[in-house]
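Here are the chains, one letter per residue:
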Amino acid sequence: MESALPSILTLVIIAEFIIGNLSNGFIVLINYIDWVSKRELSSVDKLLIILAISRIGLIWEILVSWFLALHYLAIFVSGTGLRIMIFSWIVSNHFSLWLATILSIFYLLKIASFSSPAFLYLKWRVNKVILMILLGSLVFLFLNLIQINIHIKDWLDRYEGNTTWNFSMSDFVTFSVSVKFTMTMFSLTPFTVALISFSLLIFSLQKHLQKMQLNYKGHREPRTKVHTNALKIVISFLLLYASFFLCILISWISELYQNTAIYMLCETIGLFYPSSHSFLLILGNPKLRQAFLLVAAKVWAKR
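Residues numbered from 1 in each chain as written. Predicted model: local features only at pLDDT ≥ 70, side-chain atom pairs only at ≥ 80, totals over all residues. Heavy atoms only, no water.

Draft legend 1. Structural view of helix α9 (residues 260-284). Between its first and last C-alpha, α9 extends 37 Å over 25 residues, near the 36 Å set by a 1.5 Å rise per residue. Largest kink in α9: about 25°, centred on Pro-274. (Helix = DSSP H or I, 4+ residues; strand = E, 2+ residues; numbered from the N terminus. Expected span 1.5 Å × (residues − 1). Bend = angle between axes of the 7 residues up to and from the residue.)

Structure follows, in structure tokens:
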């Protein structure tokens, strides 16, 4: 069963890779067409484009790393292309997480209703808030790259001093655990911010939905349905985001205890987030949803 596990998970990853490229590519394409036709884009559309591009990069990086780890592990151990692979993973993962977090903050400030003066102050300056958080996240990226570069330099210095395969493999596990731990710690900040934002947004939507149900008791009000759907999408977003962070955490723990099966399973489940969440973004965005239904109808009509 263990010998068949890599083949099974590889097929799953390829399927997630195809789905992720299609969904994120669709978001980029539709918004680009809208940008060309109208000569302008809203703030949320710009966020969606950058987020989709970063996720395409993350999906490609995960797939390439997966096949290299399975068939060409010597590339990692010898240090050939080590910085390129790890840095590309860090950059793509950083923007995927932080842009999703920024998107959650954007939705919180745009949709939620709180009477707090601080919240209202941020709500009126939502574009400046988003820009400042995006610029601030670059500081975390810079610190992350510096710390990872220290780990890589230390590993390469030790590897050049002893090139035996047994030393390389045992020491590479220690190096990989250090890199994964650093990435997990730097992923904790955007996850915590997103968790708080989503929790506040869910609380606000739930509270507003209860008021609407009391005010329109006895018949189904369209706005109630809209808020119900928004609540479902936000909760789904939160669950997917949480599962991705947990996969990062568990993969680090499994690598620490050298449990290859759990590590591979976490990598596969982790890819489900950037691949599937884009469909939630499509369903939650009226423009993207309408375009998706139109394309789906045309494809179905040709069958």
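On we go.
Draft legend 2. Seen up close, the packing of helix α1 (residues 5-38) against α9. As a packed pair, α1 and α9 sit with axes 8 Å apart at the nearest point and diverge in direction by 20°. Accordingly, the angle class assigned to the pair α1 and α9 is roughly parallel. In the packing of α1 onto α9, the handedness of the crossing is left-handed. (Axes fitted to C-alpha atoms, helices over the stretch in contact; angles between N-to-C directions. Parallel < 35°, antiparallel > 145°, perpendicular 65-115°, else oblique. Left-handed = near helix turned anticlockwise from the far one by under 90°.)

Draft legend 3. Local environment of the side chain of Ser-137. Structurally, the position occupied by Ser-137 is in helix α6 (residues 126-161). You can call Ser-137 buried: its relative accessible area is 0%. A distance of 2.6 Å separates the side chain of Ser-137 from the backbone oxygen of Leu-134, its partner in a polar contact. Filtering out sequence-adjacent residues up to four positions away, Ser-137 remains in contact with His-94 and Trp-98. (Buried < 20%, exposed > 50% of the residue type's maximum accessible area, 1.4 Å probe, protein only. Polar contact = N/O pair within 3.5 Å; in protein donor to acceptor, adjacent residues only side chain to side chain. Contact = heavy atoms within 4.5 Å.)

Draft legend 4. Structural context of the UniProt feature "transmembrane region" in the chain. Per the UniProt record, "transmembrane region" is found at residues 8-28, 56-76, 86-106, 129-149, 185-205, 233-253 and 262-282. For residues 86-106, the end-to-end C-alpha separation is 30 Å, with 100% helix and 0% strand making up the annotated structure. Note that residues 129-149 is 100% helix and 0% strand, and that its end C-alpha atoms are spaced 31 Å apart. (UniProt positions renumbered as here; feature names shortened; annotations may be inferred.)

Draft legend 5. Expanded view of the packing of aromatic side chains. On inspection of all chains with the given rule, the structure shows 12 aromatic pairs. Note on Phe-17 and Trp-60: the rings are 4.8 Å apart at their centroids and 80° apart in plane angle, and the pair reads as edge-to-face. Note that Phe-17 is positioned in helix α1 and Trp-60 in helix α2 (residues 43-71), a separation of 43 residues in sequence. Summarising the aromatic geometry, the rings of Phe-191 and Tyr-241 are spaced 5.9 Å apart at their centres and angled 25° between planes, so their arrangement reads as stacked. (Phe/Tyr/Trp six-rings, centres within 6.5 Å; stacked < 30°, edge-to-face > 60°.)

Draft legend 6. A look at the pattern of salt bridges. What the rule picks out here adds up to 3 salt bridges. The residue Asp-34 makes a salt bridge to Lys-38 at a minimum N-O spacing of 3.4 Å. With Asp-34 and Lys-38 both in helix α1, this residue pair falls 4 residues apart, about one helical turn. The exposed category is assigned to Lys-38, whose relative accessible area is 54%. Its salt-bridge partner being Lys-287, residue Asp-45 comes within 2.9 Å of it at the nearest N-O pair. In this pair, Asp-45 sits in helix α2 while Lys-287 sits in helix α10 (residues 286-301), placing the two residues 242 residues apart along the sequence. Residue classification places Asp-45 among the buried positions, given a relative accessible area of 8%. One salt-bridge network, held together by shared partners, links Asp-34, Lys-38, Asp-45 and Lys-287. (Salt bridge = Lys/Arg side-chain N within 4 Å of Asp/Glu carboxyl O.)

Draft legend 7. Up close: the packing of helix α4 (residues 82-111) against helix α5 (residues 117-124). Look at α4 against α5: their axes get within 9 Å of each other, and the N-to-C directions meet at 110°. Classified by the angle their axes make, α4 and α5 are roughly perpendicular. Each of Leu-108, Leu-109, Lys-110 and Ile-111 in α4 lies in contact with α5, whose residues at this interface are Phe-119, Leu-122 and Lys-123. Along the lines of polarity and charge, the residues of the contact of α4 with α5 split into 5 nonpolar, no polar and 2 charged. (Nonpolar A, V, L, I, M, F, W, Y, C, P; charged D, E, K, R; others polar.)

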